[in-house]
Amino acid sequence: QNDELIEKAKQQGESQLHQKRERVMLELDKLKRKVDEFADLAELDMMTQYLTDIRNVQKRLTEAQEQITFINKEEVLYKWDVTEYPEVNLISTGIDPYQKLFTTVVKWQRAEKRWMDGAFQDLEAEGVEAEVDEYQREIYKMQKVFN
């Protein structure tokens with residue numbers, strides 16, 4: 001009878017593990033689709049929101065990675081093959097250029113507002129020129145990624 005209880009508990013654990021794996025795969029699929037949507041985002045007024053969306057995706061990806069670590073440990077305990085999740089790297093590398101782009105645009109928008117709406121006497125030509133050069137370099141690097 002103890003063997004039956006142990007076997008039943010093992011089957012329950014394995015069933016729960018299968019469910020966890022399916023939930024992680026669904027979450028990764030949702031995140032991948034969200035990253036794919038970033039290619040269509042182009043409203044300058046929405047850049048701050050896009051950056052927030054990227055941070056949310058990154059947070060959800062981190063949570064999924066934690067789940068994957070837990071799942072892999074359980075797979076080892078059940079003597080299963082450890083499941084690989086290549087989607088994690090695809091999502092992570094896919095989100096990176098968009099984060100850089102949106103961050104640069106937001107920084108530019110803030111700087112432009114400071115230059116245009118701030119006190120004229122607070123402007124320093126060398127500082128403004130250095131910032132513009134930095135943004136130009138960043139955009140030039142990103143242009144290679146997006147072309």
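Residues numbered from 1 in each chain as written. Predicted model: local features only at pLDDT ≥ 70, side-chain atom pairs only at ≥ 80, totals over all residues. Heavy atoms only, no water.

K.L.:
Teacher, can you tell me more about the overall build of the chain here?
P.N.:
Broken down by element type, the chain carries four helices and zero strands. Traced from its N-terminal end to its C-terminal end, the chain shows the element sequence α-α-α-α. Counting only C-alpha atoms and orienting by the principal axes, one finds that the chain spans roughly 85 × 30 × 25 Å. Put simply, the chain has 147 residues, and 24% of those count as buried. When the accessible surface of the chain is summed, it comes to about 10,900 Å², and 50% of that surface belongs to carbon and sulfur atoms. Of the charged side chains in the chain, 22 are positive and 31 negative, and the gap between their average positions amounts to 4 Å. (Helix = DSSP H or I, 4+ residues; strand = E, 2+ residues; numbered from the N terminus. Buried < 20%, exposed > 50% of the residue type's maximum accessible area, 1.4 Å probe, protein only. Areas by Shrake-Rupley, 256 points an atom, 1.4 Å probe, with all protein chains shown as cover. Lys, Arg positive; Asp, Glu negative; His and termini not counted. Charge placed at Lys NZ, Arg CZ, Asp CG, Glu CD.)

K.L.:
For this particular structure, what's the right way to read helix α3 (residues 86-117)?
P.N.:
Within an α-helix, residues lying three or four positions from one another point in the same direction, as the helix has 3.6 residues per turn. Compared with an ideal rise of 1.5 Å per residue, which puts 32 residues at 46 Å, α3 spans 47 Å between its outermost C-alpha atoms and is within 8% of the ideal. Of the residues making up α3, those classed as buried are Val88, Ile91, Ile95, Pro97, Tyr98, Phe102, Thr104, Val105, Val106, Ala111 and Trp115. Among the structural elements, α1 (2-37), α2 (47-77) and α4 (125-146) are those in contact with the buried residues of α3. (Expected span 1.5 Å × (residues − 1). Contact = heavy atoms within 4.5 Å.)

K.L.:
Please explain the environment of Met142 as it appears in this structure.
P.N.:
Note that Met142 resides in helix α4. Given a relative accessible area of 7%, Met142 falls into the buried group. Sequence separation between Met142 and Tyr98 is 44 residues; the distance between their C-alpha atoms is 9.1 Å. Not counting the four nearest positions on each side in its chain, Met142 is found in contact with Pro97, Lys100, Leu101 and Thr104.

K.L.:
What is the right way to read the side chain of Asn72 from this model?
P.N.:
With respect to the secondary-structure elements, Asn72 resides in helix α2. Assessed through its relative accessible area of 18%, Asn72 is described here as buried. If we skip the residues at most four places from it in the chain, Asn72 touches Val82, Thr83 and Tyr85.

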